[in-house]
Each structure stands twice: as C-alpha cells, then as structure tokens.
Amino acid sequence: MTMTAHKAETATQGGAPELIKAVPVRHPGRWAAAAVILLLAALGIQSLATNPQFHWDTVALYILDVNVVRGVGWTLLLTALSMILAIVLAVLLAVMRQSDNPVLRWSSWTWVWFFRGTPVYTQLLFWGLVTVLYPTMSLGIPFGPALVTWVLEDPTRGFIPAVLGLGLNESAYLAEIFRAGLKSVDKGQAEAAEALGMGKGKIMWRIVLPQAMRVIVPPTGNETIGMLKTTSLVLAVPFTLDLTFVTNSLANRTYLPIPLLIVAATWYLVITSILMVGQHFIEKHYGRGIDSAAPVAVNPAAAKAAAAGLGTGGDSIPGGPTVAGKDIEESGR
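First things first, this report covers the structure right here in the doc.

Calculation rules
Residues numbered from 1 in each chain as written. Predicted model: local features only at pLDDT ≥ 70, side-chain atom pairs only at ≥ 80, totals over all residues. Heavy atoms only, no water. Salt bridge = Lys/Arg side-chain N within 4 Å of Asp/Glu carboxyl O. Helix = DSSP H or I, 4+ residues; strand = E, 2+ residues; numbered from the N terminus. Buried < 20%, exposed > 50% of the residue type's maximum accessible area, 1.4 Å probe, protein only. Contact = heavy atoms within 4.5 Å. Core = buried A, V, L, I, M, F, W, Y, C linked by side-chain atoms within 4.5 Å. Phe/Tyr/Trp six-rings, centres within 6.5 Å; stacked < 30°, edge-to-face > 60°.

**A few points about the pattern of salt bridges**
Thinking step 1. Inspection of every chain in the model, using the stated rule, returns two salt bridges.
Thinking step 2. With a closest N to O distance of 3.1 Å, R97 and E176 form a salt bridge. Here R97 is found in helix α4 (residues 66-97), whereas its partner E176 is found in helix α8 (residues 159-183), with 79 residues between them in sequence.
Thinking step 3. E176 sits in the buried class, given a relative accessible area of 19%.

Set out below in structure tokens:
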C-alpha cells in the first residue's frame, strides 16, 4: 500500500491526517552574499571614519553655511520653475502631437527633435549669449516695418536664461512621456465621453489625463530629480548662485575640495530623498484601485482539507480535484 493510499484510508476511517514534515530550503549563497556586503559596508564606514583627508570638521563647518543654504534655495527655485515651464509646454506638445492638424503635429515633432538632439549645456550657452545675438527684439510685419521694438537685457544676472534653458530642454523629454501616458488610455474612454456630449477639452482634462497620470507620474518624478542635478550646469549661462557654484567657490577659497563636495552631495541627497517621498505619495494617489488589490481570504479548514485530499461527498475518489473543490466551497460557506 502506498503512502497516499494509506493516508486516504486513515482519513476515511476517521483518523486525523498526518502532518507534512516540510524541510526549509537552504540558501547558502544568499547568506554568503549578505556576509560579503556587510563586510564591505563595515570597511567603507571604517574608511570614512578614520581617513583624515575627508576633513569632517570642515564638512560640519560649511554644511549650514549661509552661502550654502542660499545656494540650496536658488537651486530649488531653479528646479521648480524649470519643471513648471517644462510641464506646461510638454502637455501642450503632447496634445499637439495627437492633433489631426499636420502643422500642429509636425511643429511638436520638430520641437522635440531639436531640443532632444542638442546638449543641454549648449542650449544654456545659447541662452546666456542671446542678448549678443539679439540686442533688440521687434514685432511687426515680416520683411516690413517693425511695430514694437524693445531692448533685451537681463537684470536677473542669468536666472531667467537658466530657467528658459532648463525648461525648454526638459519639455522635449516630458512631451514624449506625456504622449506615452495619453496613448495608454483606451480610446473607448474618450469615445464614450464624447457620446455623452462632453467637449474635447473637458474629455482631456476630466477623463484622459487623470487616467494617464498613473503612467506619467513615475518618469516625471525621475525627470524632476534629474533636473535638480542638471541645475549644476547653469554656470554656462552664467548663473553663479546655485549650490554647485557656491560650494566650488568655497573649495577654491579653502583649498579643500573634498569636504565641500561632500557638503554639496549631502544637500543633493537630502533634497532627492524628499522628492522621492513626495513622488511615492503621488503615485499612490493616482494608482488607487489599480496598483493594490485586496487579498483573497482563505479558509484555513478548507485549505487543510484540500491539502490532505479529503472529501465529504463519498461519491468521488479522496484527494481528487472534484472533492477538493467541493470541500473548499462547502467550508467557505
């Protein structure tokens, strides 16, 4: 008599089924990898704590320096304004890309092609020199008289050109992200809303965009974090009040570049961590009802009966699929 038949006979006679003696699977490779990682982490911490070249006293001295904190503020302002400009332009470009009008569609494609095809550093240099190329701007009839003329000047010492350079470059990347998000929404949603008499603008704002945000938010959060670090290139404008320029200036003054680099990296890590937390909650908001599912309730008695292959009907083979399914259904009731 086999073991399965013996268990079935014992269960039929009213005896309790034997418990399965499960042996946990061993994972020596995982423990070895964890030990190696912990060892490397301990060595890294020891190096950071004992190497005098890091000059942790200098890091502590400048981490809250007034110039550094002011540089953090300017960096955050640059990031926020550039992303706002980029998001507004990206939504417009994504909608234009889906338009039936070929002029709008090709204009959007040309914008994305140009700003994605040239380096952001080159674009920042251009916006820093735009007053050299165009000392005056005029509005009037093409190849005719000018109706309005004004002199270009930058009283913000490079801040506005920096925002323009960063925002216009980022809009090309966000436009593709937004376009992918809009295309992820089934066309039947817009068709159903249109059948109910809703206008195209209202359909886009109330039906399509809220559903597309689930796809748009994660890469947009990544682009925001990338924008935070791209602000270190605004020296090309030149704009000399951001965090990277300030810490480099202090390093040149103290002849201690490493601790000032640690100061800048620490601030970037803190801001990035805060942005990641905000991104998490925004993703959770727009992913309600999709990213999380309610766990399926399992009746313990039914699961045990199914695992042991028991049945109560008496008209089927013990342990068969029909009997197991019947047991689960009846136990669930």
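Alright, that's what it looks like, and here's the rest.
**Considering the environment of Y173**
Thinking step 1. Relative to the helices and strands, Y173 is located in helix α8.
Thinking step 2. Other than its neighbours up to four places away in sequence, Y173 contacts R116 and E223.

**Brief notes about the environment of A265**
Thinking step 1. Topologically, A265 is positioned in helix α12 (residues 257-286).
Thinking step 2. The class of A265 is partly exposed, set by a relative accessible area of 36%.
Thinking step 3. In sequence terms A265 and L243 are 22 residues apart; their C-alpha atoms lie 9.8 Å from each other.

**Here's the deal with the nonpolar core**
Thinking step 1. One finds L78, L124, L166, L174, F178, L182 and V234 to be the most contacted residues of the largest nonpolar core, which totals 30 residues.
Thinking step 2. At the level of elements, α4, α6 (120-128), α8 and α10 (200-230) are the ones that each hand at least two residues to this core.
Thinking step 3. Setting aside chain neighbours within four positions, we find L182 in contact with A94, Q98, M204, V208, L209 and A212.
Thinking step 4. One finds L228, L250, A251 and A264 within the second-largest nonpolar core, a separate group that totals 17 residues.

**Remarks on the packing of aromatic side chains**
Thinking step 1. Taken as a whole, this structure holds nine aromatic pairs when the rule is applied.
Thinking step 2. Considering the side-chain rings of F54 and W56, the 5.7 Å spacing of their centres and the 20° angle between planes classify their relative orientation as stacked.
Thinking step 3. The partly exposed category is assigned to W56, whose relative accessible area is 38%.
Thinking step 4. Measuring from centroid to centroid gives 4.7 Å for W111 and F115, while their planes differ by 40°, and the two rings are tilted. Placement of the pair is W111 and F115 together in helix α5 (residues 102-117), with a separation of four residues, close to one helical turn.
Thinking step 5. For W111, a relative accessible area of 28% corresponds to the partly exposed category.
Thinking step 6. In textbook terms, an aromatic cluster arises when at least three aromatic residues are bridged by ring pairs, as seen for W74, F159 and F239.

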